[in-house]
Structures are given as C-alpha cells and as structure tokens.
Amino acid sequence: MVHGGTGLIQTPTSRMLAEGDLRLNYTDNDEYRFWSATLQLFPWMQTTVRYTDVRTRLYSPFPGFSGDQTLKDKGIDVKFRLLEESYYLPELSVGFRDFGGTGFFESEFIGLSKQAGNFNFHVNMGWGYLGTTGNVSNPFCEASDSYCDRPGGFTGNGGKIDYQRFFKGPASLFGGIEYQTPWEPLRLKLEYEGNNYINDRAGSLTQDSKWNFGANYSWNDFDFSLNYQRGNTIGFGVSYNFNLHTLSQIKVDKPPRPLSNDKNEFGVTDINSQRLTQDLYYQAGFALSTSHIKDNEVTIFGQQTSYRYEDEATERVGRILASELPESVDTYRIVNTAGSVPMVETVVDAQEFKRQARYETLEPNLAESYKREDISQDSLDHYNPKNTSGFFTGIEAFWIQTFGNPEEFYLYQAGVMVNGGYSFDGKTSVAGTIKANLLQNFDKFNFTTDRAPSTLPRVRTNIREYVSGSDITMENLYLHWNDRIAENLYAQVYGGYLETMYGGVGGELLYRPVDSNLAFGFDINYVQQRSWDNDLDFFDYKVLTGHANVFWQPEFLPDTLLTVKVGQYLAKDKGVTIDFAKRFDSGIVVGAYAAITNVSSEEYGEGSFTKGFYLSIPFDLFSLKPAKGSGKIPWIPISRDGGQALNRPIELFGTTNERSPFAR
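Residues numbered from 1 in each chain as written. Predicted model: local features only at pLDDT ≥ 70, side-chain atom pairs only at ≥ 80, totals over all residues. Heavy atoms only, no water.

Visitor: Break down the state of the cysteines for me, citing the residues and quoting the values.
Guide: In total, this model carries 1 disulfide according to the counting rule given. The disulfide bridge from Cys141 ends at Cys148, spanning 1.8 Å between sulfur atoms. The disulfide joining Cys141 to Cys148 has a torsion of about 80° about its S-S bond and is therefore right-handed. Classification of Cys148 as partly exposed rests on a relative accessible area of 27%. (Disulfide = S-S within 2.5 Å. Buried < 20%, exposed > 50% of the residue type's maximum accessible area, 1.4 Å probe, protein only.)

Structure (structure tokens):
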C-alpha cells in the first residue's frame, strides 16, 4: 500500500501480516514520496511509522533555515483486529492513520475483509482524509450531533492524539478487490476511494476517477508495485519483508557435550580443575571465578559470556559438570555473577539431569532437573572470588541518526566508543569512554542552538552543540560501586562525568526477585550541566533528578515489558514516563515510550511532549559465534526540554537482567 501497512493501493484493509513481520516500504508518485516501516506487533495489532516527502511544497519559506528542501512530515498508524475471519464471518478491524502529529492524512476507518477462492473482497467506512467525499451519512452523527462536524487543525504544537476528532465529520464507503493470479508472484488490485483530494497537503489534486488499479509482483522477500491512481497518475513502489521472530544467524559452534553411560568412579580430590575451567569457558561460555567442592555438592561461581538463553547455557554447563565430576556429587550449584556480584543460583539435581541428558525418559526435558533461585546463604558464605582487580578495555561502534531535519532530511554520525577502566574488586571500578567520530554529515547544521522560544531550562535543546563541537570527546568518566545488599535487593552509587551533557553523583536501589514478572526501585541524582566547549568544564545549571521505577512483564501479553517511571526530570518538571517493549523470538526488542509531565504543550513546544521509539538488536545476530549483549537504535521524532531524563551510564535493571530475563 502507498502509505504503508496492509491494504490495496491508497486505501487500507482489515488484513494483518504474520506476527513479527516487519515491512520496509518506499512508494513514489507525482506529488508524494513515502518511506514507511510496518510491524505486526501482535496477531491483532499492526503499527506503521511513516515519513512523507511533499514534492510540491518547501520545508520552510526561509532559504537560510532549510534551503530548497521539500516539506517532510512524519506519521504513525495503528490497526486493531476485532474479529478474525472464519468460514462464514469476515475479518473486522478498526484503524487510525496519522493519529499523532500534524495530521497530514489523519483518518479513522472500520473495515471488513473476506476471501473467496483467489479473490479478497474489502469494504470499509472511513472518516477524515479517507472520508472527504462524504458518499454516505456518518452513522455516529445519527447518535450525537457532536459527530456531524470534524474540528479543524491540530491541537497544541503537534504530536498529540486528537481524540476529539475521531469518527467525526463526513464519512465515505471505500474498498476493492484483490486477485491472486494463477502465476503465483503476481497479484492484481482494484479499489474505489473515499477521498476527494480537494484539501490535500500537496495542493488541490485533480481526480479524474475514483477507481485505482494496481499490480504487485513478489520476488523472494521483495514486493514491487505499479499502479494508476485518480485516472491521471502513475505510481510505483518497492517493499522488503522479513520476520523478527525467525531472523537468525548461522553459528559455527560445537553441539553440547554428549554424556557417556559410564559412571565417573573417582573422588572429588581427583577432579581435573584446570580442564574443568577450560571446558566451562570454551564449550559453555562460563568464565569460572571460584568454586566450592564438597563430597556430594559442587558450587561454581562465574559469568556467562556467550549464551544468551539461560536454558542453553545451563545445559552446556551441566553436561560438562556431569562429565568432569564424580558420581558422588548429586547437586550442582551454578551461581551466575555480573563482575563479582552474584545474580542467580541454578540448583541442578545431578542424577535427574543425567537421566534427561542421556534421553532415558520418554520425553526428555532438562528444565525439570534444575531450578533457579536467589543466592543461598551457604553459597554466599563460600564465595571468595580471586583475581577480581585489574584493567579492562573495550571498543564498540556507534551510529547516531536523526530524520526530518530542516538542513537535510537524514543526518548521521558514526564512529567508535573506546571504553576502559580499572576494577578494584569486581564491585568498585573507575570507568570512562572516549567517543571518536569517523563519519558524519552534521556539518550541514545551519544552526546549533534552537531558536524556538521556551520557558524551560535548556537541558537538551543544545544537543547540536555537543555532537558537532569536536570529533573526539570524553563521553563519560566516573567512579562506580554496586553489590547485592540483601535478598533480592541490589544497589549502586556513582559519580563523575555521567553522560554527554551532565556530570554529578547518584545512586539506585532495585528489588528484583528471581524469575518474577515484577521489579521496582528508585534512583536519585544531583547533576550539573557540562560545557560543550571543554570536556572538563561545567555550566552553572544544577538539578536534583530521580524516579521511582516499576518494571512489569504482564502474563497476558507474552514477551512484553512495561516500565513506569515517576519523578522529577532534568528541567525540574515532574511527571511519568511509560515505556512499552516487545521482544521477539530472535531477541530483537521493539519499544516505544512517552513522558508526560506538568509542562503544557505550549511550554514544551513542537511535538507537545517527549516521545520516542527504539530497536534493540542482539549482537548474536551478527556473529558466527554465540554472543551476549545488544545494540540499541533510537528514533526520537522531536527532542525538546520537557520530560528529559538523565542518561545514567549504568542501570541496575540491565545489569541484573539474569534475575528475570527479558532482553536476551
């Protein structure tokens, strides 16, 4: 579909993609170009993010501000399936197009779809942009006069959801037919529109016909489209489709160690400790730090460095222990740590594990042989890690990008982050990061300081000064301590240059039971704004900021995380940030957040409130060897000064992820 999402040509339908499908789409015609990404978040929910290029209008009338760049606009669509198609009943969905923003194509629709053989029939009723023809009476107007007229314009400074316009004003029936030809790659489309194009953002467009015709050709994961619109316009497009559940990377890795049927008839004094340590690391990714051995029980402490799924990691470690330890040991205790901080203890029934691993049961299930729990006091009493002090280094690539800028639609900055430090005991360390820009087009900035009026302190809108001032900068430099201070309770304190724009001191507490779907805590920070002219200097602005945090993985929405943070932000405004994240089987996480504070949309400025999206991709998807960790790609439509939180260098929810894994 031209606008992204599932549909015919210009019009949406009630159809959905497969769960986890991501479709990247580009379409083009005389007046518009559209870039969109459509994600099937759940079987019943589809979302689309879109950028529109209006070829007939300039970004602004001021050449010094935006040159000859054409007008760009972003939009968000969402569609919900209310009824799944059955033998007799059609599929029923309700959708909202361009519902948060400046409302270029703001619409609502209710759609029915039914398949008959190779034909798909679609009938919809639309309001707003999709209903401007007004070829049918608005049924909601019959119930209430308030639905007869649609309020004009968008409220505030854009970015808000204007509920007061939903399903109001003229309505139109529209729809069409899609035909799957005998030649499998080719589909033909015919649609009837409900839009009259009189008040279009590209101008009043001539519509010689309300009938549009199109064809789609599929090749591997690509779809190519060609269409004839409005009786006078040719359009084309291309889309690329893949599924976030099934995305994977071939691995060059040995299978888990097989178990012999022979019993290990030797004592604990005969254990080959050196071989055990090496095998745990090279075959199971477990970096052993220390161990405690008794006649019938062995406890090992260490960090999992390779395998991001706990069941796979436990199986590999368990098979090595079963191979290398004597038969007298009937319990394995595997304590995973982060640095020297214990995270979770996995208690393995050795005999049951061996039965399952040797396939001596009808339906082998290794998970039945072990359980995860908080660290036992006995394990803590024997935890004495060695060689925990020393230097550490690392390097990683970064990519910063922004869309819809006045100087250039797409601005980017790429380079490397070189980090390092010294750990004193695995719990206390000093760490820092140097950022080196290698590739960028931020030199196209026409201005570095936002000239929009604001009553708020400039806590973020001077970001251009920070990212364009120098190619080599000190991202952070801080002293850090963290530990498990009680059952299920973790703490950290830190101080120094904490992020690009702020330095100071802070601390955090987090209560996170093992494998619980609920965790909560709070953080508090006193920070001062850093200078963009000198990495070591500060400006005068100071603020106390912090939040009470709740993390919830609801059972009724599998593989999702809802985070709620309530407190005071950098601009001293108070409010709440709500973050919703969805994890797919590949480990990719897609998330969206919004911060609502006591700052009005007028005080906030363009966008009305802080909001953003992000994509977290596991490193494992790019590596031939198993790997842990992930990289985050953010997309923030507009970032101003309200609802802005401190970017703390370390957050306990991330470092304690093994307690109740979400991101893997």
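Visitor: Now, about the sheet that holds strand 17 (residues 370-373): what can you tell me, with residues and values included?
Guide: Pairing within the open sheet is mixed, and its 5 strands lie in the order 13-14-15-16-17. Either end of the sheet is taken by a strand with one partner, and the two such strands are strand 13 (286-293) and strand 17. Geometrically, the sheet is characterised by an average inter-axis angle of 20° between neighbouring strands, direction not taken into account. As paired elements, strand 13 and strand 14 (residues 297-304) share 7 bridges and run antiparallel to each other. When the sheet's bridge partners are listed, His292 is paired in strand 14 with Thr299. Each of strand 13, strand 14, strand 15 (331-338), strand 16 (341-349) and strand 17 is contacted by helix 4 (residues 310-324), which is oriented at about 130° to strand 15, the strand it contacts most. Lying on the sheet, helix 5 (residues 350-357) is in contact with strand 15 and strand 16; it crosses strand 16 at an angle near 70°. (Pairing = 2+ DSSP bridges. Helix = DSSP H or I, 4+ residues; strand = E, 2+ residues; numbered from the N terminus. Axes fitted to C-alpha atoms, helices over the stretch in contact; angles between N-to-C directions. Contact = heavy atoms within 4.5 Å.)

Visitor: Outline the pairing of strand 22 (residues 489-497), supporting the account with residue identities and numerical values.
Guide: Summarising the sheet, strand 21 (residues 472-486) and strand 22 pair through 9 bridges and their orientation is antiparallel. Note that in strand 22 the partner of Trp481 across the bridge is Val493. Counting the residues that bridge the hairpin from strand 21 to strand 22 gives 2 residues, and of these Asn488 lies at a positive phi of roughly 65°. Examined bridge by bridge, strand 22 and strand 23 (residues 502-511) share 9 bridges and lie antiparallel to one another. Bridge pairing in strand 23 places Ala491 opposite Leu509. Following strand 22, the chain reverses through 4 residues before pairing antiparallel with strand 23.

Visitor: Describe the sheet that holds strand 4 (residues 70-83), naming the residues involved and giving the relevant values.
Guide: With antiparallel pairing, 12 strands are arranged side by side around a closed barrel as 1-2-3-4-5-6-7-8-9-10-11-12. Taken pair by pair, the neighbouring strands of this sheet meet at an average axis angle of 20°, ignoring direction. Inspection of the sheet shows strand 3 (residues 45-58) paired to strand 4 by 11 bridges, in the antiparallel sense. Along strand 4, the bridge assignment pairs Gln46 with Lys79.

Visitor: So what about helix 5? Which residues, and what values?
Guide: Restricting attention to buried positions, one finds in helix 5 the residues Ala350, Phe353, Lys354, Gln356 and Ala357. The buried residues of helix 5 occupy an angular sector of 165° when projected down its axis, which confines them to one face. Looking at the buried residues of helix 5, the elements they touch are helix 4, strand 15 and strand 16. Between the side-chain oxygen of the N-cap and the backbone nitrogen of Gln351 there are 3.3 Å, and the N-cap of helix 5 in question is Asp349. Immediately downstream of helix 5, the backbone of Tyr359 shows phi near 60°, a positive value. (Arc of directions from axis to C-beta. Polar contact = N/O pair within 3.5 Å; in protein donor to acceptor, adjacent residues only side chain to side chain.)

Visitor: Any details on the environment of Phe109? Residues and values, ideally.
Guide: Topologically, Phe109 is positioned in strand 6 (residues 107-116). When its relative accessible area of 5% is taken as the criterion, Phe109 is described as buried. A C-alpha to C-alpha distance of 7.7 Å links Phe109 and Leu130, two positions 21 residues apart in sequence. Those residues in contact with Phe109 that lie beyond four places of it in its chain are Pro12, Thr13, Lys79, Ser93, Val94, Gly95, Asn124, Met125, Gly126, Trp127, Leu130 and Phe174.

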